Amino acid sequence: TDEECPGVAATLRALNEALGRPEGLWVKESSARNLRHRDFLAPRAALSTVFPGGQVPDDVMSRVTSLGGAGVLALRGWQRTPAGLAVQVQRSEAFRRLLSLPSPPSLPPSPPGTSVLLHCPALRRPVASLRPGQLRPLLLADHLAQLLRAQGVSVRVVPALPPEERSWELLRQLRMEWSSCPAASAIPAAVSALKEALGRSPCVNPCQWEPDAAALPEGVICKVHLKGFLEQQSLEGYDPNLDVLLVTEEKLQAVAELQQAVLQCMVSRPVALLTSPFRGQGCCCSVVHVVSCEEEFQLQQMDLLWRVLDPGAHTALQKHLVCGPVKVTNPSSPIGAEQYFQLRKRQMYEASVMKYGELAQDEAWTEVIDTLTVAAIRFEMLSTAHRSQITLDLEDSSISTKGTKSGAFVMYNCARLATLFDTYQRAVERGTYPPLPPASELNFSCLREEGEWLLLFNYLLPFPEVLQQAAQLSPPNKGIRITANTEVVCKFLIQLSMDFSSYYNRVHILGEPFPHLFDQMFARLQLLGAVRDMFHNTLATLHLPPLSQI
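Every chain's residues receive numbers from 1 upward, in the order its sequence appears when written. In keeping with the model being predicted, local features are shown solely for residues with a pLDDT of at least 70 and side-chain atom pairs are shown and tallied solely at 80 or more, while totals for entire chains, interfaces and linings include all residues. Side-chain numbers come from the whole structure's heavy atoms, not from hydrogens or water.

S.K.: Whenever I open this one, the overall build of the protein chain confuses me. Can you help?
M.R.: Each helix corresponds to a stretch of at least 4 residues labelled H or I by DSSP, and each strand to a stretch of at least 2 residues labelled E; elements are numbered beginning at the N terminus. A count of helices and strands for the protein chain gives 20 helices and 15 strands. Buried means the residue's accessible area, taken with a 1.4 Å probe over protein chains only, is under 20% of the maximum for its type, while exposed means over 50%, and partly exposed covers the values in between. Split into buried and exposed, the 550 residues of the protein chain put 52% on the buried side. For every accessible area listed, the method is Shrake-Rupley and the probe measures 1.4 Å; residues are considered covered only by the protein chains on display. Entry remark: accessible area of the protein chain is about 24500 Å², with carbon and sulfur atoms responsible for 51%.

Given below as structure tokens:
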């Protein structure tokens, strides 16, 4: 129930309401230094805007310390400090409430019928010809699809991939799932219907048919004057250089595929949809184009052509998720996505041999190195905000294989947890330790180490909110561009790995098998079991399987 699942957001709301403000007064602490003294703070400057001199009356403070309700953490006291008003959580109670849940906290489900169509134009070219800059929106779309599905959103992806086996190889290596299947048999009829729409479009000079076929370049069906359409519709956010579009069969097929995918969404999810970028708009299927900045102009042309030919709610509410450039430093020649993958794989193999010797050359390590390579590339591409430029130094493998900000570091710490629980299980089978008791029998007051509260308060408690934030698409005030926050997932995993590693290096979990030490060991194992599950659930949004060894 909600009462059994505490959360940071619910507690912040209750704290603000207790002081008579809907939001903005209280902040959650996150640094280890501040968490030694307080968990939430109402800064003095913020308090001064509500209370004279920033002094909160005692009767108001009594409401703060007696907070309760669904998802609200119990507080143990408050204190006036030079920084402001500080409160601390009843920590053992917070451990008990969260770690006694039968399953990890989950995301709140999206409204029934929520459906999103993700379109990645980069896949309209042969996969083998992709460059790193075109790989970035592909990985972003794949990650975003997983985050949305975790909230119960129905996600479809286009374009459909060609059936040639070779085309799938790089995507398989990167563990991408791109299972799109618009009805191919319906595309020819849809293209014919679009050609008819070209001839009867009511737009102001939307289409100019050439009476003399020779006057048109080969393969061009007609010209569409996009500038006039933009002016008539008063559309904002488009490139001012958009003018005449030469319509080809290929462009009509792309529009027909989008059209058919939207129709499939409407058939499978007929309920009026309320997805984030289009809430309140009554759209049946949200259309999000995920594109590199280099291909944004061509995407805008396709967007407008679809609007001209199919003036429905779904086309009027198209939104663009644009990725910044990927700069490759010192390339000896232009590098493709396939070369980039193979280079990082070779670097990962060499780093593993250097660290683990002949063990890393064992056949069983092939899968490990493949997974580490995918983790390295996904973190390299996805830990930066999608609007910002990424710089790839292909000669410097440390970003992929070393340091605390690499995907390999995250996977390493995930494997450490697997090793811990495997070691414990084998010790139980030998009779060294008793099995882990039910959570209701554990003594969580034993969890007093600084790192233990960090893991719960900074990661386990806000985890559902982090995934929800990552999947949220922020609509612009005007125009067609939207913003995603998917980078918070990689940053969350990196920071979690750093804090877990620090704790694990400092604290001995499986101690001597003395009964008087079991209470603390069991409580710690329950905590780290929840951390392990959180690792697994978060890595799943990146299509990264947990590793049992490194």
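S.K.: Got a minute to help me understand empty space enclosed by the protein in this structure?
M.R.: Gaps left between atoms are located by rolling a probe of water-molecule size over the structure's atoms. We place a 1 Å grid over just the protein atoms. Points where a 1.4 Å probe fits but has no way out form a cavity, open points with protein on both sides within 12 Å along at least 5 of 7 lines form a pocket, and any residue with an atom within 4 Å of a point lines it. Grid points are joined across faces, edges and corners, and a volume is the space filled by probe spheres set on the points. Scanning the entire structure with this criterion turns up 2 cavities of 30 Å³ or more. Its volume calculated, the largest cavity comes out at about 70 Å³. Lining the largest cavity are Arg44, Leu47, Gly54, Gln55, Val56, Arg80, Gly84 and Leu85. At the level of elements, helix H3 (44-48) and strand E4 (84-89) are the ones that each hand at least two residues to the lining of the largest cavity. For this scheme, ten residues count as nonpolar: Ala, Val, Leu, Ile, Met, Phe, Trp, Tyr, Cys and Pro. Four count as charged, namely Asp, Glu, Lys and Arg, and the remainder, Gly too, count as polar. Split by residue class, the lining of the largest cavity holds 3 nonpolar, 3 polar and 2 charged. When its volume is computed, the second largest cavity comes out at roughly 40 Å³. Forming the boundary of the second largest cavity are Arg136, Leu140, Cys323, Met381, Leu382, Thr384, Ala385, His386, Thr486 and Glu487. Residue assignment for the lining of the second largest cavity shows that the elements contributing at least two residues are helix H6 (132-150) and helix H14 (365-382).

S.K.: Sorry if this is basic, but what is going on with the nonpolar core here?
M.R.: Among the nonpolar cores identified, the biggest contains 138 residues, and Trp26, Phe40, Met381 and Leu528 are the most heavily contacted of them. Contacts are residue-level and defined by heavy atoms, with any inter-residue pair within 4.5 Å sufficient. Excluding residues within four positions of it along the chain, methionine 381 makes contact with Pro132, Leu135, Arg136, Leu139, Val326, Tyr340, Ile390 and Leu392. Each nonpolar core is a collection of buried residues, namely Ala, Val, Leu, Ile, Met, Phe, Trp, Tyr and Cys, held together in the definition by side-chain atoms within 4.5 Å. If you look at the next biggest cluster of nonpolar residues, it comprises 34 residues, including Leu117, Ala190, Leu194 and Cys222.

S.K.: Mind showing me how you'd approach unusual backbone geometry here?
M.R.: Most peptide bonds take the trans form, and the phi angle of most residues other than glycine is negative. With an omega dihedral of 10 degrees, the bond running from valine 158 to proline 159 counts as a cis peptide bond. In this structure, proline 159 sits in the loop between strand E6 (154-158) and helix H7 (165-173). Positive phi, close to 55 degrees, is recorded for serine 234, a residue that is not glycine. Turning to its location among the elements, serine 234 is positioned in the loop between helix H9 (226-233) and strand E9 (244-248). Positive phi is not limited to glycine here, since histidine 543 has a value of about 55 degrees.

S.K.: Where do I start with the sheet that holds E4 in this structure?
M.R.: Strand pairing within a sheet occurs via backbone hydrogen bonds; the two strands may be parallel or antiparallel. One requirement defines pairing of two strands: DSSP has to find at least two bridges between them. If you walk across this open sheet you meet the 4 strands as E1-E2-E4-E3, and the pairing is antiparallel. A single partner strand is all that each edge strand has here, and the edge strands are strand E1 (27-28) and strand E3 (75-81). In this sheet, E4 lies alongside strand E2 (residues 40-43) in antiparallel orientation, the contact comprising 4 bridges. By the bridge assignment for E4, phenylalanine 40 is matched with valine 87. Of the strands in this sheet, E1, E2 and E3 are in contact with helix H1 (residues 8-18), which crosses E2 at around 40 degrees. Angles shown run from 0 to 180 degrees and are taken between the N-to-C directions of axes, each axis being a line fitted to C-alpha atoms and, for helices, limited to the stretch in contact.

S.K.: For this particular structure, what's the right way to read the packing of helix H5 (residues 91-99) against helix H17 (residues 450-460)?
M.R.: Axis angle and axis distance: for two packed helices, these are the angle between their axes and the distance between the axes, and together they describe the pair. Interhelical geometry of H5 versus H17 gives an angle of 55 degrees and a closest axis separation of 11 Å. The orientation of H5 relative to H17 falls into the category oblique. Relative to H17, the crossing made by H5 is left-handed. Contacts between H5 and H17 pair Arg91, Ala94, Phe95, Leu98 and Leu99 from the former with Glu452, Trp453, Leu456 and Leu460 from the latter. Residues of the contact of H5 with H17, tallied by class, amount to 7 nonpolar, no polar and 2 charged. Working definition: roughly parallel below 35 degrees, roughly antiparallel above 145 degrees, roughly perpendicular at 65 to 115 degrees, and oblique for all remaining angles. Here a crossing is called left-handed whenever its near helix is offset anticlockwise from the far helix by less than a right angle, and right-handed whenever the offset is clockwise.

S.K.: What is the right way to read the pattern of salt bridges from this model?
M.R.: Close approach of charged atoms allows side chains with opposite charge to pair. By definition, a salt bridge exists where a carboxyl oxygen of Asp or Glu is found within 4 Å of a side-chain nitrogen of Lys or Arg. Scanning the model with the defined rule gives 20 salt bridges in all. Linking glutamate 295 and arginine 125 is a salt bridge whose minimum nitrogen-to-oxygen distance equals 2.5 Å. Taken together, the positions of glutamate 295 in the loop between strand E10 (286-292) and helix H11 (296-309) and arginine 125 in the loop between strand E5 (115-119) and H6 put the pair 170 residues apart, joining distant regions of the chain. According to the relative accessible area criterion, arginine 125 is partly exposed, its value standing at 30%. Glutamate 452 is paired through a salt bridge with arginine 524; the nearest N and O atoms lie 2.6 Å apart. Taken as a pair, glutamate 452 in helix H17 and arginine 524 in helix H20 (residues 515-540) lie far apart in primary sequence, 72 residues in all. Arginine 524 matches glutamate 452 in its accessibility class, with the two residues each being buried.

S.K.: Help me understand the sheet that holds E10 in this model?
M.R.: Strand order in the open sheet formed by 4 strands is E6-E5-E10-E11, with parallel pairing between adjacent strands. The open sheet has two edge strands, E6 and strand E11 (319-323), and neither has a second partner. Averaged over neighbouring strand pairs, the angle between their axes works out to 25 degrees when direction is ignored. With 4 bridges connecting them, E5 and E10 associate as parallel partners. From the neighbouring strand, valine 116 faces E10, where its bridge partner is serine 286.

S.K.: What's the story with the packing of aromatic side chains in this structure? I'm lost.
M.R.: Aromatic rings considered in pairs are described by the distance between their centres and by the relative angle of their planes. Think of it this way: a Phe, Tyr or Trp ring, Trp meaning its six-membered ring, pairs with another when their centres are within 6.5 Å, and the plane angle makes it stacked under 30 degrees, edge-to-face over 60, tilted otherwise. The final tally for this structure, using the stated rule, is 9 aromatic pairs. For the pair phenylalanine 40 and phenylalanine 457, a centre-to-centre distance of 5.5 Å together with 80 degrees between the ring planes defines the contact as edge-to-face. Remark: phenylalanine 457 occurs in helix H17 and phenylalanine 40 occurs in strand E2; sequence separation between them is 417 residues. We note that phenylalanine 40, like phenylalanine 457, is buried. Every member of this aromatic cluster is reached through a ring pair, and the members are Phe40, Phe95, Trp453 and Phe457. Geometrically, a charge over a ring is one whose NZ (Lys) or CZ (Arg) sits within 6 Å of the ring centre while staying within 35 degrees of the ring normal. One cation-aromatic arrangement involves arginine 532 over phenylalanine 421; the distance from NZ or CZ to the ring centre is 4.4 Å.

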